[in-house]
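# Structural overview
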Amino acid sequence: MFELDLSKEIVKPRLYLAKPSREIIGELNESYNIKLKLRLGGTLNELSFEVPFDLIINQELKRNPNIDNILDRFLVKLEFGNHIEWFIIKSSQNIMSEESDSKKVVCLSQVYQLTDKTIRKYEAEAKNATEALTEALNETVWNVNYVDSEYNITRRDFDVNSVTVLQFIFDIANSFGGLLMFDTENKTVSLYNPDNIGTDKGLMVGYNQYLINAEHENKTEEAITQLDVYGKNNISIADVNITGENFLTDFSNFLFPFERDDQGNVLKSSKYMSDTLCHSILDFNEKLQSKQPIFNNLLSQKESQQYLLEIKQTELTTLNNQLEDILILLDSAQANEEDVTQLLIDKGNKQAEINSKQGEIDIVQGEINILDSQIADLRSELSIESNFTSQQIQELDNFIIKREIVNENIEDPKELLKFAEEEFDKVKISPILIKCGVVNFLECLSEQRNWDRLVLGDKLRCNIEKFNLDAMTKIIGMDFDFETGKIDLEISNVEEIKNKKQKFIEKLNKSINTSTKVNYNISKWNGAASTASEINQIINSKFNANKTMIVAGQNENYSLNERGLTLKSPTDPMNFLRGLHNVLAFTNDGGNTYKTALTPQGTVAENVFGTLLCGVNLKIDASDNEGNKTFSVDNTGVKINGLALTIENGLDTSQINGSDTFVLQDTLYNGIKIDTIDGLTVIRSDNKTRTIANATDGIKIQQTDGIGGWIDKLYADTNGSLTAEDLKTKRLIINDTNDNVLIDADTKKIDFSKFTTIVGDLTADNIDVGTINVDEITYQGKSLGNGANSYIQWDANGNATIKGNIIMDDGSISWADITAPSYSQITGSKPPTDAEANPSYIKSTKITATTIESPTITGGSITSNTNINVGTDLRVGKHIYLDEGSNEPKSIVLAGQESILFDGSGNLQVDARTSVAIQGVIFGGTFVDFKNRDILNFNANVTAVFG
């Protein structure tokens with residue numbers, strides 16, 4: 001029983017205004033009259049709305065701040081339930097009325113921006129859908145997301161000029177018969193098989209079931225009964241069609257509801273055709289089906305013979321060219337009167353080869369002629385004149401509704417026939433188009449169980465009794481008017497409909513030419529589209545079984561129920577995983593098909609992607625309808641049973657990837673030869689070295705001895721020991737039996753700690769070690785040093801010269817029997833002779849590179865070009881001379897603020913912070929100037945005498 005969830009919110013659209021960079025400017029929550037048009041396939045979605053010029057903000061009528069930001073090519077983001085789509089503003093219109101002033105905005109899906117990019121010229125052959133779409137989007141920021149595997153095993157040719165990118169990708173979709181789906185959130189394009197789009201979630205509309213109004217149109221005039229088919233350069237399907245015609249016909253639409261029993265008794269008559277014509281059409285259908293295998297066999301034999309004929313004709317052309325070369329040599333020899341005996345023999349032999357080859361060609365051509373005759377007889381038996389009376393032919397003419405289809409991207413007749421059959425299936429039944437208005441039940445809380453069932457592309461049951469209509473249709477368009485609360489649905493049988501007429505047609509045998517299914521692989525792509533083998537039947541049955549197990553059940557709104565475990569993103573309803581019983585299945589079309597599944601019996605997949613296929617006892621098996629293995633791969637190799645690996649029209653070795661690595665036995669390739677005796681032999685071009693690899697000798701690298709023999713330079717003996725002469729290596733590493741590194745050439749390290757004994761002399765130009773422990777050193781050189789500033793050097797007489805200091809930390813030097821040198825025998829810098837007589841000078845006075853420290857310094861004079869700093873008092877015996885001989889100003893500064901200044905002109909200036917106390921001052925100058933100066937604290941007892 002369904003339980004109403006009162007916590008759910010009504011689904012309402014939300015609009016956001018954004019710059020072209022997708023930077024959100026603000027939410028358009030004041031917008032109204034919102035209308036959304038969603039379309040399936042080749043039409044872009046459309047959004048329109050209005051925003052007022054003025055808003056009441058803080059109880060005041062003010063200009064809407066969003067109005068001036070709504071600009072052409074700005075973006076609008078729509079959030080509507082799980083549906084998120086970006087639109088580009090295509091146009092805006094200012095509207096003034098008595099009620100209000102507003103701006104109407106019209107937007108198209110952001111896919112519309114692909115019209116801004118153009119493709120001037122594009123030519124390509126044999127491209128699948130993914131390749132074509134990728135190259136079409138190459139110069140845009142859009143990418144390909146998903147392409148149905150059917151369109152990746154099909155190839156098309158393209159030749160377009162001056163088209164937009166958007167138009168080109170629609171053309172690509174049309175050429176493959178696929179349906180484009182756009183994801184504007186991630187800017188991706190997908191191409192789906194229309195049959196795999198949409199599921200039946202149980203939604204129904206009708207009287208008392210949401211329906212407001214409806215229009216039902218049955219376009220009988222569009223029910224095509226004959227489809228003429230043309231491909232690239234006007235190629236036709238006549239050669240691969242069992243009737244030999246370049247068209248397909250199907251009269252099922254007008255046969256309905258004719259029915260007969262096994263004895264041919266009429267149970268129901270057609271509303272259009274006579275019973276006799278209906279009988280003849282059904283009889284002819286059965287005859288076509290019975291003759292189809294015969295035609296397939298004849299056509300297959302003919303193609304094999306035609307391929308053989310092309311090979312032999314190519315061989316004949318080569319022989320004729322060779323004969324022409326012989327004739328040229330013969331003419332030249334005869335002109336020069338040379339011996340032509342051998343050339344005449346060569347000419348006769350070559351002519352005999354040509355005659356023999358021509359005979360082979362005639363035999364093959366004869367086989368083809370026989371097959372052509374048998375095919376012609378079969379087609380005569382299946383002609384209209386042989387199966388219908390003249391009166392029936394005249395009646396049938398009333399129902400021939402002819403149309404033409406052209407696909408310039410297809411140049412293979414078989415592929416063209418397959419394409420035409422698929423397209424014919426879409427148009428041979430009169431299309432039904434239904435337009436109905438329904439209430440917007442997305443805004444009804446009581447209808448929440450159906451909210452998730454309204455999906456573009458999904459199936460919808462439409463039951464309108466007065467129209468005598470009860471059909472399962474597909475939603476191909478939805479128009480939302482959020483102002484009025486109405487949804488206009490456009491539903492059709494363009495993709496699928498299961499009404500009574502369709503069920504009747506499915507039960508009928510295929511009509512005249514649609515039964516001519518050609519079960520051949522496309523010649524250019526061996527086996528890519530074959531579906532007749534037993535393994536494919538197994539795969540299909542697996543798919544169907546998995547679908548039966550998984551799709552059954554109800555209450556799909558839950559992730560865990562009787563339908564199993566469902567893992568689905570609400571924003572990506574097309575792709576999800578479902579697990580039930582012992583099956584894990586994956587879908588990419590909303591659950592319509594499950595093309596990938598994990599079962600206890602193995603993995604079932606339409607496509608397997610990866611870079612490596614590994615397995616224990618890996619097997620690949622392909623079998624025919626009778627169970628015979630036609631192709632297999634196992635641990636014994638690759639087997640093709642009774643079939644041939646055929647490349648149509650031949651193939652030059654330059655067209656084969658890696659053809660330059662092909663090797664033939666006993667043939668020399670750049671000094672390399674493989675044979676059954678020596679195995680692999682490689683000889684350098686100058687014959688100086690040779691390499692042999694075989695099971696007897698193993699691997700040997702040899703050097704010539706100059707007289708026809710070979711000397712082993714690198715080889716392995718019978719014990720497996722490797723012997724090498726003249727070995728030169730880089731970054732060599734030698735380990736002991738315990739895998740310890742003895743020598744590492746990469747780090748330039750020898751670990752002598754791992755060696756127990758080192759025998760012999762060590763000769764070296766330089767040895768740099770941290771610590772060396774030896775019992776005795778016999779030194780034969782001239783010097784032992786640590787660079788140019790310190791060394792010990794011996795001369796030829798045994799005299800040692802030491803450069804640098806000798807520092808002894810504790811200990812002493814014992815001269816033994818050697819007499820200590822006298823003062824005169826010491827050369828170089830030495831202490832004075834009375835150095836020991838004045839120890840106090842050394843002990844009390846300290847002289848460094850920058851200072852002299854002593855209690856008392858006695859001397860004649862001290863000269864300094866900088867400063868002399870005295871820490872305490874300075875006592876001067878007589879005079880202080882300031883820069884004697886200079887007229888520059890001089891000063892004595894007291895405490896950094898008071899000073900006595902001698903200006904160099906004989907004037908004295910005293911500067912004090914407070915006052916200058918002067919007693920008994922005699923002014924011998926001309927004047928004393930107190931102008932602009934205050935005389936403070938003048939003592940009245942002091943007399944100033946002037947003059």
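Cut-offs used in this document
- Residues numbered from 1 in each chain as written.
- Predicted model: local features only at pLDDT ≥ 70, side-chain atom pairs only at ≥ 80, totals over all residues.
- Heavy atoms only, no water.
- Helix = DSSP H or I, 4+ residues; strand = E, 2+ residues; numbered from the N terminus.
- Buried < 20%, exposed > 50% of the residue type's maximum accessible area, 1.4 Å probe, protein only.
- Contact = heavy atoms within 4.5 Å.
- Areas by Shrake-Rupley, 256 points an atom, 1.4 Å probe, with all protein chains shown as cover.
- Pairing = 2+ DSSP bridges.
- Axes fitted to C-alpha atoms, helices over the stretch in contact; angles between N-to-C directions.
- Core = buried A, V, L, I, M, F, W, Y, C linked by side-chain atoms within 4.5 Å.
- Expected span 1.5 Å × (residues − 1).
- Parallel < 35°, antiparallel > 145°, perpendicular 65-115°, else oblique.
- Nonpolar A, V, L, I, M, F, W, Y, C, P; charged D, E, K, R; others polar.
- Phe/Tyr/Trp six-rings, centres within 6.5 Å; stacked < 30°, edge-to-face > 60°.
- Lys NZ or Arg CZ within 6 Å of the ring centre and 35° of its normal.
- Left-handed = near helix turned anticlockwise from the far one by under 90°.
- pLDDT = per-residue confidence, 0-100.
- Salt bridge = Lys/Arg side-chain N within 4 Å of Asp/Glu carboxyl O.

## Observations regarding the overall build of the protein chain
Along its length, the protein chain carries 12 helices and 51 strands. Here the protein chain holds 947 residues, and the buried ones make up 31% of them. Once local pairs closer than 6 in sequence are excluded, the contacts in the protein chain between residues at least 24 apart make up 55%. Of the accessible surface of the protein chain, which amounts to about 62500 Å², a share of 49% is contributed by carbon and sulfur atoms.

## What about the sheet that holds strand β39 (residues 710-716)?
Spatially, the six strands line up as an open sheet ordered β35-β36-β37-β38-β39-β40, and their pairing is antiparallel. Across the chains shown, the open sheet's two edge strands, defined by having one partner strand only, are β35 (672-675) and β40 (722-724). Pairs of neighbouring strands in the sheet enclose a mean axial angle of 25°, with direction left out of account. Of the pairings in the sheet, the one linking strand β38 (residues 698-704) to β39 comprises five bridges and is antiparallel in character. Looking across to β39, one finds that threonine 704 is bridged to tryptophan 710.

## A closer look at the nonpolar core
In a soluble, globular protein the nonpolar side chains are often hidden away together inside. Counting residues in hydrophobic clusters, the biggest one holds 39 residues, and the most contacted among them are Leu36, Leu47, Phe49, Leu454 and Phe480. Excluding its chain neighbours within four sequence positions, the residues that come into contact with leucine 36 are Glu46, Leu47, Leu78, Phe80, Phe87, Met478, Asp479, Phe480 and Phe482. Of all hydrophobic cores here, the second largest spans 37 residues; its members include Val240, Leu277, Leu396 and Ile405.

## Points about helix α3 (residues 165-176)
Over its 12 residues, α3 runs 17 Å from end to end, which matches the ideal 16 Å to within 8%, given 1.5 Å per residue. Where burial is concerned, most of α3 is hidden: nine out of the 12 residues are buried. Residues of α3 that are buried: Val165, Leu166, Phe168, Ile169, Phe170, Ile172, Ala173, Ser175 and Phe176. Count one or two residues on from α3 and you reach glycine 177, which has phi positive near 75°.

## Comments concerning the packing of helix α1 (residues 129-136) against α3
Between α1 and α3, whose axes approach to 10 Å, the crossing angle comes to 175°. Taken together, the axes of α1 and α3 lie roughly antiparallel to each other. Mapping the contact onto sequence places Ala129, Ala132, Leu133 and Ala136 in α1 and Val165, Phe168, Ile169, Ile172 and Phe176 in α3. Looking at the contact of α1 with α3, its residues break down into nine nonpolar, no polar and no charged.

## A word on unusual backbone geometry
In this structure, arginine 22 is a non-glycine residue whose phi angle is positive, near 75°. Positionally, arginine 22 belongs in the loop between β1 (14-18) and β2 (24-27). Backbone geometry at lysine 187 places phi at a positive 55°, although glycine is not the residue there. Within the secondary structure, lysine 187 is located in the loop between β13 (179-183) and β14 (188-192).

## Details of the packing of aromatic side chains
In total, this model carries 12 aromatic pairs according to the counting rule given. Between phenylalanine 80 and phenylalanine 480 the ring centres are 5.3 Å apart and the planes differ by 75°, which places this aromatic pair in the edge-to-face class. Of this pair, phenylalanine 80 sits in strand β7 (residues 75-80) while phenylalanine 480 sits in strand β24 (residues 469-481), placing them 400 residues apart in sequence. Plain terms: the ring middles of phenylalanine 170 and phenylalanine 182 are 6.1 Å apart, the flat faces sit at 80° to each other, and that makes the pair edge-to-face. Of this pair, phenylalanine 170 sits in helix α3 while phenylalanine 182 sits in strand β13, placing them 12 residues apart in sequence. Residue classification places phenylalanine 170 among the buried residues on the basis of a relative accessible area of 14%. Residue phenylalanine 182 is classed as partly exposed on the basis of its relative accessible area of 25%. Feature note: the residues Tyr122, Tyr151, Phe158, Phe168 and Phe176 constitute an aromatic cluster, connected by ring pairs. Its guanidinium or amino end placed over the ring of phenylalanine 176, arginine 156 lies 5.2 Å from that ring's centre, counting from NZ or CZ.

## What to know about the packing of helix α5 (residues 275-335) against helix α6 (residues 341-381)
Between α5 and α6, whose axes approach to 8 Å, the crossing angle comes to 160°. Between α5 and α6, the interaxial angle falls into the category roughly antiparallel. The interaxial crossing formed by α5 with α6 has left-handed handedness. Here the contact of α5 with α6 is composed, by residue class, of 22 nonpolar, 10 polar and 15 charged.

## With respect to the sheet that holds β13
In spatial order, the strands read β11-β14-β13; together these three strands make up an open sheet with mixed pairing. Of all strands in the sheet, those bounded by a partner on one side alone are β11 (143-147) and β13. Taking the axes of each pair of neighbouring strands and ignoring which way they run, one obtains an average angle of 25° across the sheet. Looking at chain direction, β13 and β14 are connected through five bridges and run antiparallel.

## A closer look at the environment of leucine 38
Considering the arrangement of structural elements, one finds leucine 38 in strand β3 (residues 32-39). Overall, leucine 38 belongs to the buried group, its relative accessible area being 8%. The spatial distance from the C-alpha of leucine 38 to the C-alpha of leucine 456 is 7.5 Å, given a sequence separation of 418 residues. When residues no more than four places from it in sequence are discounted, the contact partners of leucine 38 are Asn45, His83, Glu85, Leu456, Ile476, Gly477, Met478, Asp479 and Phe480.

## A look at the confidence of the model for the protein chain
Taken as a whole, the protein chain shows an average pLDDT of 76; of its residues, 69% reach a score of 70 or greater. This model gives residues 494-558 a pLDDT under 50, and the stretch forms 149 contacts once residues within four places in sequence are excluded.

## Here we look at the pattern of salt bridges
Enumeration over the complete set of coordinates arrives at 23 salt bridges. Of the charged contacts, one joins glutamate 131 and arginine 155 as a salt bridge, the two residues approaching to 2.8 Å between their closest N and O atoms. With glutamate 131 in helix α1 and arginine 155 in the loop between α2 (149-152) and β12 (156-164), the pair connects residues that are 24 residues apart, well separated along the chain. Relative accessible area serves as the criterion here: at 18%, arginine 155 is assigned to the buried category. One salt bridge connects lysine 357 with glutamate 360, and the closest N-O pair in it is separated by 3.1 Å. Placement of the pair is lysine 357 and glutamate 360 together in helix α6, with a separation of three residues, close to one helical turn.

## Notes on the environment of leucine 277
Looking at the element boundaries, leucine 277 is found in helix α5. Separated by 116 residues in the primary sequence, leucine 277 and isoleucine 393 place their C-alpha atoms 8.7 Å from one another. Apart from the residues lying within four places of it in its own chain, the contact partners of leucine 277 are Phe388, Gln392, Glu395, Leu396 and Phe399.

## Regarding the environment of leucine 416
Relative to the assigned elements, leucine 416 resides in helix α9 (residues 413-427). Sequence separation between leucine 416 and lysine 232 is 184 residues, and the spatial gap between their C-alpha atoms is 9.4 Å. Sequence-distant contacts of leucine 416, defined by excluding residues within four places in its chain, comprise Val229, Tyr230, Gly231, Ile235, Ser236, Ile237 and Ile410.

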